[in-house]
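Now for the letters of each chain:
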Amino acid sequence: MTQPFFADIAPVQYEGPDSANPLAYRHYNPDEIVMGKRMEDHLRFAVAYWHSFAWEGQDPFGGQTFVRPWHPQDRMETARIKADAAFDMFDILGQPYFCWHDADVRPEGDTFAESLSNLTAIIDYFEEKMASRKIKLLWGTANMFSHRRWMAGASTNPDPDVFAYAAATVKTCMDATHRLGGENYVLWGGREGYETLLNTDLGQELDHMGRFLNMVVEYKHKIGFKGTILVEPKPQEPSKHQYDFDAATCIGILRKYGLEGEVKLNLEQGHAILAGHSFEHEIAVAAAEGMLGSIDMNRNDYQSGWDTDQFPNNVPEVALAYYHILKSGGFTTGGTNFDAKLRRQSLDAADLIAAHVGAMDICARGLKAAAAMIEDGGLETALKDRYAGWETPAARAMLDSDFDSIFDRVLSGDIAPEPRSGRQEILENYVNRFV
Ligand code: XLS
Ligand code: NI
Ligand code: NI
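These lines cover the structure that appears in this document, whether it is placed above or below. As the structure is a prediction and not an experimental result, all values here were calculated from the model.

## Quick look at the overall build of the chain
Of regular secondary structure, the chain possesses 16 helices and 12 strands. Rg of the C-alpha trace for the chain: 24 Å, near the compact-globule value of 22 Å for 435 residues, within the 12% margin. When the backbone C-alpha atoms are referred to their principal axes, the chain occupies close to 80 × 60 × 45 Å. In the chain, which comprises 435 residues, the share counted as buried stands at 51%. Here the analysis covers contacts within the chain between residues at least 6 apart in sequence; of these, 76% occur between residues at least 24 apart. Seen as two clouds, the 41 positive and the 64 negative side-chain charges of the chain have centres 3 Å apart.

## A word on the packing of helix 12 (residues 349-376) against helix 16 (residues 424-434)
Contact geometry of helix 12 with helix 16 gives a least axis separation of 9 Å together with a crossing angle of 120°. When the interaxial angle is binned, helix 12 and helix 16 end up oblique. Every pair of crossing elements has a handedness; the one defined by helix 12 and helix 16 is right-handed. Contacts between helix 12 and helix 16 involve Ala 369, Ala 372, Met 373 and Asp 376 on the former and, on the latter, Tyr 430, Val 431 and Phe 434. Split into classes, the residues belonging to the contact of helix 12 with helix 16 amount to 6 nonpolar, no polar and 1 charged.

## Topic: the coordination of the nickel ion (ligand 2)
Listed as protein donors to the nickel ion (ligand 2) are Glu 268 (OE) and His 271 (NE2); their distances from the metal cover 2.1 to 2.2 Å. Here the nickel ion (ligand 3) and the nickel ion (ligand 2) are spaced 3.7 Å from one another, each receiving a donor from Glu 268. Of the two residues examined, Glu 268 and His 271, each falls in the buried class.

## Examining empty space enclosed by the protein
The tally for this structure, following the rule as stated, stands at 4 cavities of 30 Å³ or more. For the largest cavity, the calculated volume is near 210 Å³. Along the wall of the largest cavity there are 22 residues; nearest its centre are Leu 187, Trp 188, Gly 189, Glu 192 and Leu 213. Elements supplying a minimum of two residues to the lining of the largest cavity: strand 6 (184-187), helix 7 (202-223) and helix 8 (247-256). Looking at side-chain class alone, the lining of the largest cavity contains 15 nonpolar, 4 polar and 3 charged residues. Forming the walls of the second largest cavity are His 51, Ser 52, Phe 53, Trp 55, Phe 66, Arg 68, Trp 70, Phe 311, Ala 340, Lys 341, Leu 342 and Leu 352. Taken together, the residues of the lining of the second largest cavity break down into 8 nonpolar, 2 polar and 2 charged.

## Re the packing of aromatic side chains
All told, the structure shown has 23 aromatic pairs when counted by the stated rule. Ring geometry for Tyr 430 against Phe 434: centres 4.8 Å apart, planes inclined by 50°, an arrangement best described as tilted. Of this pair, Tyr 430 and Phe 434 both sit in helix 16, 4 residues apart, which is roughly one turn of that helix. Of the two residues examined, Tyr 430 and Phe 434, each falls in the buried class. Here a set of aromatic residues connected by ring pairs shows up, and it is made of Phe 5, Phe 6, Tyr 49, Phe 53, Trp 70, Phe 87, Phe 90, Phe 98 and Phe 126. Sitting over the face of the ring of Phe 66, Arg 68 holds its NZ or CZ atom 4.5 Å from the ring centroid.

## Regarding the site of ligand 1
Close to ligand 1 lie Trp 50, His 101, Trp 139, Trp 188, Glu 232, Lys 234, Glu 268, His 271, Asp 296, Asp 307 and Asp 339, which account for all nearby residues. Between ligand 1 and His 101 there is a distance of 2.7 Å, counted from an oxygen atom to a side-chain nitrogen or oxygen. The separation between an oxygen atom of ligand 1 and a polar side-chain atom of His 271 is 3.0 Å. In isolation ligand 1 offers 290 Å² of accessible surface; the protein chains occlude 95% of this area.

## A word on the coordination of the nickel ion (ligand 3)
Looking at the nickel ion (ligand 3), one finds its protein donor set to be Glu 232 (OE), Glu 268 (OE), Asp 296 (OD) and Asp 339 (OD), positioned 2.0 to 2.1 Å from the metal centre. Coordination at the nickel ion (ligand 3) comes from 6 donor atoms whose angles at the metal span 82 to 173°, giving a geometry best classed as octahedral. Mapping the donors of the nickel ion (ligand 3) onto the primary sequence yields the spacing E-x35-E-x27-D-x42-D.

## So, the packing of helix 3 (residues 76-93) against helix 5 (residues 112-131)
Taken N-terminus to C-terminus, the directions of helix 3 and helix 5 make an angle of 30°; their axes are 11 Å apart at the nearest point. The orientation of helix 3 with respect to helix 5, classified from their angle, is roughly parallel. The handedness of the crossing between helix 3 and helix 5 comes out as right-handed. Of the residues in helix 5, those touching helix 3 at Met 76, Ala 79, Arg 80, Ala 83, Asp 84 and Phe 87 are Asn 118, Ala 121, Ile 122, Tyr 125, Phe 126, Lys 129 and Met 130. Taken together, the residues that form the contact of helix 3 with helix 5 break down as 9 nonpolar, 1 polar and 3 charged.

## Side note on the layout of surface pockets
In this structure, the second largest pocket occupies an estimated 690 Å³ of space. Contributing elements (two or more residues each) for the lining of the second largest pocket: helix 11 (315-327), helix 13 (378-386) and helix 16. The greatest single-element share of the lining of the second largest pocket, amounting to 6 residues, is contributed by helix 13. Among the residues forming the lining of the second largest pocket, the class breakdown is 9 nonpolar, 5 polar and 8 charged.

Reading the values: rules and limits
- Residues numbered from 1 in each chain as written.
- Chains lettered and ligands numbered in written order.
- Predicted model: local features only at pLDDT ≥ 70, side-chain atom pairs only at ≥ 80, totals over all residues.
- Heavy atoms only, no water.
- Helix = DSSP H or I, 4+ residues; strand = E, 2+ residues; numbered from the N terminus.
- Rg over C-alpha atoms; globule rule 2.2 N^0.38 Å.
- Buried < 20%, exposed > 50% of the residue type's maximum accessible area, 1.4 Å probe, protein only.
- Contact = heavy atoms within 4.5 Å.
- Lys, Arg positive; Asp, Glu negative; His and termini not counted.
- Charge placed at Lys NZ, Arg CZ, Asp CG, Glu CD.
- Axes fitted to C-alpha atoms, helices over the stretch in contact; angles between N-to-C directions.
- Parallel < 35°, antiparallel > 145°, perpendicular 65-115°, else oblique.
- Left-handed = near helix turned anticlockwise from the far one by under 90°.
- Nonpolar A, V, L, I, M, F, W, Y, C, P; charged D, E, K, R; others polar.
- Donors = N, O, S within 2.8 Å, 3.2 Å for Na, K, Ca; no water.
- 1 Å grid on protein atoms, 1.4 Å probe; cavity = no way out; pocket = protein on both sides within 12 Å on 5 of 7 lines; lining within 4 Å.
- Points joined across faces, edges and corners; volume = space filled by probe spheres on them.
- Phe/Tyr/Trp six-rings, centres within 6.5 Å; stacked < 30°, edge-to-face > 60°.
- Lys NZ or Arg CZ within 6 Å of the ring centre and 35° of its normal.
- Near = heavy atom within 4 Å.
- Polar contact = N/O pair within 3.5 Å; in protein donor to acceptor, adjacent residues only side chain to side chain.
- Areas by Shrake-Rupley, 256 points an atom, 1.4 Å probe, with all protein chains shown as cover.
- Tetrahedral: all angles 85-135°; square planar, octahedral: opposite > 155°, others 65-115°.

In structure tokens form, the structure reads like this:
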């Protein structure tokens, strides 16, 4: 341990399902083989620097509740203490990845140049720490939503100076991600949207966002970054309306600006819920388009209607998410990033460890259930059966015909639709056998 914060917490071990130790893995067993692959390599867990180390416990009605050795976070000295604590936690959890925003890891400078030199110094520090560990960077990203300069958006800001600042910021964050061997680069447009159409030219803002995303891709190729560029959909919050509303909307935007072969999606459970979807819906939409990149695993409160970013705690839901991930071939450069934060009363270092341990166990159970469903094949068989009618030559030929010839067949009496059960409850009961 380099810092006293986690001093009395030992590295977390797999102890099996019967262990009563609150800081042991009961299901996450990195070396266990699931569908021919190590569990660690399936799940590819990442810790999110922002929620675990940068967030101080504020909510809309109250300020800081956490008191950490790295507070206040406005100095390089405390940024290093924060990094020490973060890497101590990575050593305790043993998860293979982490993720950051520039603003999480370095203090804001008085000028762009000063912010950059702070970032560079911290990236040097990370590089040093990573050299002696197996921890890797899943993704880096730029925080272009907290500072007041971003209040009307980053690439969609009506002020071209802010667009310029955003471009320069993303360049530095891509450079830093590339230097650390990051496997993806994420763009989440929290303020790429609007508060009111009364002051917003929606079409122009979208064109600027499309051009900006193309610049990201051009720069990726220029520097030889081999990772995946990911866009993270969210319907609203902080903006009243965000352009990257959900997976389907993002796919439309990416196609419109010619980026479908270059950019994939990072899907988050809480954002799916905010958009009125289930997590597996978002994953299945992206997978159907070959654009499933990575996931931000968390859980939104189903009553409060805002982005509560809780740690996952629902095996059936997580199992269905991994079912669609496995069905699409599993992660390549992506992984499971815990974009999740403690409740603001959870003050202790042990709370932070327990939150991740529980979440990793929930995901491991979900993965095992998903793999068992795939190996059993029950859902796949039911799906094939439901669409079996399309296997007949007449049905297939219909797709290459036209309305008139279809009309003739229907009129001649050849076609007589017989409604069939969708068997939803039977299928739900089937899933419940595995979770
Ligand atoms: C916020 C987003 C954010 C992104 C990274 O709701 O989930 O944390 O994942 O900017
Ligand atoms: Ni989020
Ligand atoms: Ni997220």
